[in-house]
Amino acid sequence: MKRRVIVALSTAGLVSAGAVVYVLGGDSLTASAGSAPRPGPGEVHTVALRDMSGAQGTAGAQHQVMGLPAERTKPFSMLGVSWTDPRAVIDGTVQVRTRSAAGGTWTPWQPVEAHNEDGPGDDARSESRVRGATAPLWVGPSNGVQVRVAGKGRALPAGLRVELIDPGDGAAKPKPRAIGPGTAVLAGAVSTEPPAADPSTDPTAGPTETATEPSAPADPASPADGAPPADPAPPSEDPTGSPSPTSSASPESGTSAGVTAASSTAPQPTVVTRAQWGADESLVKEPAEYAPSVKVVFTHHTAGTNNYTCAESPAIVRSLLLYHVKTNGWNDLGYNFLVDKCGTIFEGRKGGIDKPLIGAHTYGFNTGSSGISVLGDYTKTAPAQPALSAVARVAAWKLGLHGGDPTGKASMTTTINNGKFPAGETVSFNTVSGHRDGYATECPGQLLYDKLPAIRTEAKQWATPVTSVALTSTAGATKVGTTYYTKGTVTLGWKPAAVSGYEVLVGHTVVARPGGTSTSAKITLSAGSHDVRLRATNINGTTATSPAYRMTVDTTAPVFTTPAGLGVNTGTVTLGGSIPVKLGWKATDNTVLQSIRATSPTAATFSPTTTNWKSSAKSNASTVWSLTAADAAGNTRVSAVTRTGSLIHESGSRRTGTWKATSGSSYVGGRAYYSTARNASAAYTFTGRSVGLIVRRSTNYGAFYVYVDGVKTAYVDTRYSKSYYRQVVWTKTWSTSAKHTIKIVVAGTSGRPTVVTDGIAYIK
């Protein structure tokens, strides 16, 4: 759809330009219609615009102003402004306000694109423009309108009227399905509610009798799969309907039926048929016309608004059909395909989506091209990725039917002067082009036009046969070396490709057959080792097979051959009473031990060869120490102990010989005992499973002997290069908790006999 710069005028600006501004009181009328579509086929209602050049606020204005004061109307959801002479144009601005059928509120003024020069051109023999018209604007379910058309440099066209399009709701609701043998399925639409319109003054001008131009009584052609639906939901990711036997409608009499290509180099996407979106086929009076082939795909946007939900898309398409036929005077929809922002693809012009059908979308270049229009305006709004991908897939499939390359070039010759190219000029186009490439327009909007290179690249991917395939993920299995270990269930993942289907092989047996658009498959393996492969089948029947992935099923959990055990460790006791500890263990597995994780009291991860963890334990606090061992397949086992650390200060010792007290904040209890007398002793008795002696170390301190339960066990020298307090210098651990006595005996080291004891730390 053509899109030009719109000059949006403020209220004051409109007055100065000669436009009339109506400020009316609150609406005293009660909304008579809700937002639900009206049952039955669509209709077009028209209301003639009035000359308002002399209205209040425009006295002496030099520019003509036509408009319509705010008034109630029959229900509609799309509108436009038309005039008698199709060759005339509006030199000025067109703005509208509409009244919500659901809430009765009036929208702010909205601009309407005054120039709508899409059309069949001289290359379509059976149709021509009946009236001049603006681009249509989707406004959602409404039942009131206010219009103003302000001229600038010359008189406005004669016969101005507003066209109010009621899309109706169609009839039955069959589920969308692919037309033809294609297996590719697009993601289903997700409804995105638009933001609420800002409320403004609610005009109460009395209703004006409206002239109506209803469509002919509906007598739609009976499709093979039943009656047309009413507002069908967009297709889901897994349509349950089966494909219809052919992609083409029956050949039309009186014109070439077009040649249906045997196959495409790209998979056919799912398309919502005319029957499914509720086309009123009685509107189409002339048979379809065909070109020898399709060489170029032109990308468009419908302009108007992006403020629609994807659930409304079928109604928008029905409205466009009515506008193109009843207002523009064309035989049918101008576009061959339409795509909404959720990526749902709709069949446009009637005549067979797999045929070189001539549309009315790119003036001068309709013959030999196909038009895809994205619902919305992408001048300042970026298109959604699902819509871009849908355009790419349609373009790849449509060009592939005629041997076209989505990243290539094609030449076309116009037989008319379309305002950008003179008649007879041959133009080289990208096979995926924008409307602006063939006609003087901003369409498809700068932000959509900027995405055409990416669309070409994606389309090329869909049209290129796969020569290799590989797994990109194996959820449920972990690779170690060249082998994947699993407990049995694995979800295989791969990149999307243009194929007709996949097969997952375990050994030489096919265990799954995902569809062509699938990117994953879940399989369950039996015990033992297996070679798993992914095989892709191209549209042309050739195949590509991945390398073998060795997968071993393991359901046996690791074993802690040495359960988790906590003991006092050498190190420093903090002033806050935290004791250095070490958690020890040993774990093994029948295949591959992958990791050891601590989950309490803090989280930590260790290599499978690690057998201890140095940490700290707060004194007199019962703490859970928990480990989880995991193997490569994901089997786990837990080993946990609950332990309490404690301190006995030096005052709790039984001393013999000469000992003297020394005080200071650096000692565990604020005080310690020291001795220089050989054979002086200090004994500590406790009940626990691990113990450590706490001393002060320094450059001139000496050694002592350690006795455990009366047995001489160790010789400990407390000399160190610096002075350190609260040092655990010796430890002892037992397998069970019991009562023990630890005694130190001063060795009387020559020249440095001093020994300082600061208590013990132990684990209960």
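Rules behind the numbers
- Residues numbered from 1 in each chain as written.
- Predicted model: local features only at pLDDT ≥ 70, side-chain atom pairs only at ≥ 80, totals over all residues.
- Heavy atoms only, no water.
- Helix = DSSP H or I, 4+ residues; strand = E, 2+ residues; numbered from the N terminus.
- Buried < 20%, exposed > 50% of the residue type's maximum accessible area, 1.4 Å probe, protein only.
- Contact = heavy atoms within 4.5 Å.
- Areas by Shrake-Rupley, 256 points an atom, 1.4 Å probe, with all protein chains shown as cover.
- Core = buried A, V, L, I, M, F, W, Y, C linked by side-chain atoms within 4.5 Å.
- Salt bridge = Lys/Arg side-chain N within 4 Å of Asp/Glu carboxyl O.
- Pairing = 2+ DSSP bridges.
- Axes fitted to C-alpha atoms, helices over the stretch in contact; angles between N-to-C directions.
- Disulfide = S-S within 2.5 Å.
- pLDDT = per-residue confidence, 0-100.
- Phe/Tyr/Trp six-rings, centres within 6.5 Å; stacked < 30°, edge-to-face > 60°.
- Lys NZ or Arg CZ within 6 Å of the ring centre and 35° of its normal.

## Here's the deal with the overall build of the protein
(1) Moving on: Within the protein, the regular secondary structure consists of 7 helices and 40 strands.
(2) Moving on: Put simply, the protein has 764 residues, and 53% of those count as buried.
(3) Moving on: Contacts in the protein between residues far apart in sequence, at least 24 positions, make up 76% of those at least 6 positions apart.
(4) Moving on: Summing over all exposed atoms, the protein offers an accessible surface of approximately 30,600 Å²; the carbon and sulfur share of this is 51%.

## Some words on the nonpolar core
Nonpolar side chains tend to gather and get buried jointly when the protein is soluble and globular.
(1) Moving on: Core analysis: the biggest nonpolar cluster contains 52 residues, and Trp277, Leu338 and Ile455 have the highest contact counts within it.
(2) Moving on: Only helix 3 (313-327), strand 11 (337-339), strand 12 (345-347), strand 13 (369-374), helix 4 (385-400) and helix 7 (452-463) provide two or more residues apiece to this core.
(3) Moving on: Sort the elements by how many residues they give to this core and helix 4 lands first, with 10 residues.
(4) Moving on: Once you skip the residues sitting within four places of it in the chain, isoleucine 455 turns out to touch Leu388, Val391, Ala392, Val432 and Leu448.
(5) Moving on: Ranked by size, the runner-up nonpolar core spans 25 residues in total, among them Ala564, Leu627, Ala629 and Ile763.

## So, the pattern of salt bridges
(1) Moving on: Enumeration over the complete set of coordinates arrives at 11 salt bridges.
(2) Moving on: A salt bridge links arginine 87 to aspartate 85, with the nearest nitrogen and oxygen atoms 3.4 Å apart.
(3) Moving on: For arginine 87, a relative accessible area of 75% puts it in the exposed group.
(4) Moving on: Aspartate 531 is the salt-bridge partner of arginine 550, the closest N and O atoms lying 3.3 Å from each other. With arginine 550 in strand 24 (residues 549-553) and aspartate 531 in strand 22 (residues 528-538), the pair connects residues that are 19 residues apart, well separated along the chain.
(5) Moving on: When its relative accessible area of 36% is taken as the criterion, arginine 550 is described as partly exposed.
(6) Moving on: For aspartate 531, a relative accessible area of 28% puts it in the partly exposed group.
(7) Moving on: Each of the salt bridges in this network shares a partner with another, and the network as a whole consists of Arg274, Glu281 and Asp332.

## Quick notes on unusual backbone geometry
(1) Moving on: Proline 444 follows cysteine 443 through a cis peptide bond whose omega is 15°.
(2) Moving on: Locating proline 444 in the fold gives a position in the loop between helix 5 (435-438) and helix 6 (446-449).
(3) Moving on: In this structure, the amide linkage connecting serine 600 to the following residue, proline 601, adopts the cis form with an omega of 5°.
(4) Moving on: Within the fold, proline 601 resides in the loop between strand 28 (593-600) and strand 29 (604-606).
(5) Moving on: Not every positive phi belongs to a glycine, and asparagine 679 is a case in point at roughly 75°.
(6) Moving on: Considering the arrangement of structural elements, one finds asparagine 679 in the loop between strand 35 (671-675) and strand 36 (681-697).
(7) Moving on: At aspartate 709, a residue that is not glycine, the phi angle is positive and equals roughly 50°.
(8) Moving on: In this structure aspartate 709 comes out as partly exposed when scored by relative accessible area, which is 42%.

## What about the sheet that holds strand 12?
Sheets are built from strands that pair by backbone hydrogen bonding, the pairs being arranged parallel or antiparallel.
(1) Moving on: The strand order 12-11-13-10-16 describes an open sheet built from 5 strands, whose pairing is mixed. The sheet is open, and its two borders are formed by strand 12 and strand 16 (432-434), each paired with just one other strand. Ignoring strand direction, the axes of neighbouring strands in this sheet form an average angle of 30°.
(2) Moving on: Two elements, strand 11 and strand 12, share 3 bridges in a ladder whose sense is antiparallel. Bridge assignment links phenylalanine 337 to a residue of strand 12, and that residue is glutamate 347.

## Description of the sheet that holds strand 30 (residues 612-618)
(1) Moving on: Ordered in space as 25-27-30, the 3 strands form an open sheet in which the pairing is antiparallel. Edge strands, defined here as strands with exactly one partner in the open sheet, are strand 25 (559-568) and strand 30. Neighbour to neighbour, the strand axes of the sheet diverge by 20° on average, direction disregarded.
(2) Moving on: Bridge count for strand 25 against strand 27 (residues 578-588) is 7 bridges, and the pairing is antiparallel. Within the sheet, the bridge partner assigned to leucine 566 lies in strand 27 and is leucine 583.

## Considering the environment of threonine 687
(1) Moving on: Turning to its location among the elements, threonine 687 is positioned in strand 36.
(2) Moving on: Residues threonine 687 and tyrosine 762, 75 residues apart in the sequence, show an inter-C-alpha distance of 8.5 Å.

## Here's the deal with the state of the cysteines
(1) Moving on: Per the stated rule, a full pass over the model turns up 1 disulfide.
(2) Moving on: Across a sulfur-sulfur distance of 2.1 Å, cysteine 310 and cysteine 342 are joined as a disulfide pair. Measuring the twist about the S-S bond at about 90°, one finds the cysteine 310-cysteine 342 disulfide to be right-handed. In this pair, cysteine 310 sits in the loop between strand 10 (296-301) and helix 3 while cysteine 342 sits in the loop between strand 11 and strand 12, placing the two residues 32 residues apart along the sequence. Comparing cysteine 310 with cysteine 342 shows no difference in burial state: the two are buried.

## A few points about the pairing of strand 4 (residues 92-100)
(1) Moving on: Here strand 4 lies mainly inside the structure; 8 of its 9 residues are buried.
(2) Moving on: Two elements, strand 4 and strand 5 (residues 110-112), share 3 bridges in a ladder whose sense is antiparallel. In the sheet register, glutamine 95 faces strand 5, and the bridge partner there is proline 111.

## Focus: the confidence of the model for the protein
(1) Moving on: Scored by pLDDT, the protein has a mean of 84; 80% of the residues are at 70 or more.
(2) Moving on: Counting contacts from residues 122-126, a segment whose pLDDT is below 50, to residues more than four positions away or on other chains yields 12 contacts.
(3) Moving on: Note that pLDDT drops below 50 for residues 172-255; the model gives that stretch 229 contacts with residues more than four away or on any other chain.

## Considerations on the packing of aromatic side chains
(1) Moving on: Following the criterion strictly, the structure yields 15 aromatic pairs and no others.
(2) Moving on: On the numbers, 5.5 Å between centres and 45° between planes, the contact of tryptophan 585 with phenylalanine 606 is tilted. Residue tryptophan 585 is found in strand 27, and its partner phenylalanine 606 is found in strand 29; the two are separated by 21 residues along the sequence. Phenylalanine 606 matches tryptophan 585 in its accessibility class, with the two residues each being buried.
(3) Moving on: With centroids separated by 5.1 Å and ring planes inclined at 40°, the aromatic side chains of phenylalanine 686 and tyrosine 762 adopt a geometry described as tilted. Of this pair, phenylalanine 686 sits in strand 36 while tyrosine 762 is found in strand 40 (residues 755-763), placing the two residues 76 residues apart along the sequence.
(4) Moving on: For tyrosine 762, a relative accessible area of 11% gives the class buried.
(5) Moving on: What links up through ring pairs into an aromatic cluster is the set Phe298, Phe365, Phe421 and Phe429.
(6) Moving on: When the ring centre of tryptophan 109 is taken as origin, the NZ or CZ atom of arginine 148, which lies over that ring, is 3.5 Å away.
(7) Moving on: Across from the ring centre of tyrosine 673, 3.8 Å away, lies the NZ or CZ of arginine 655, which sits over that ring.

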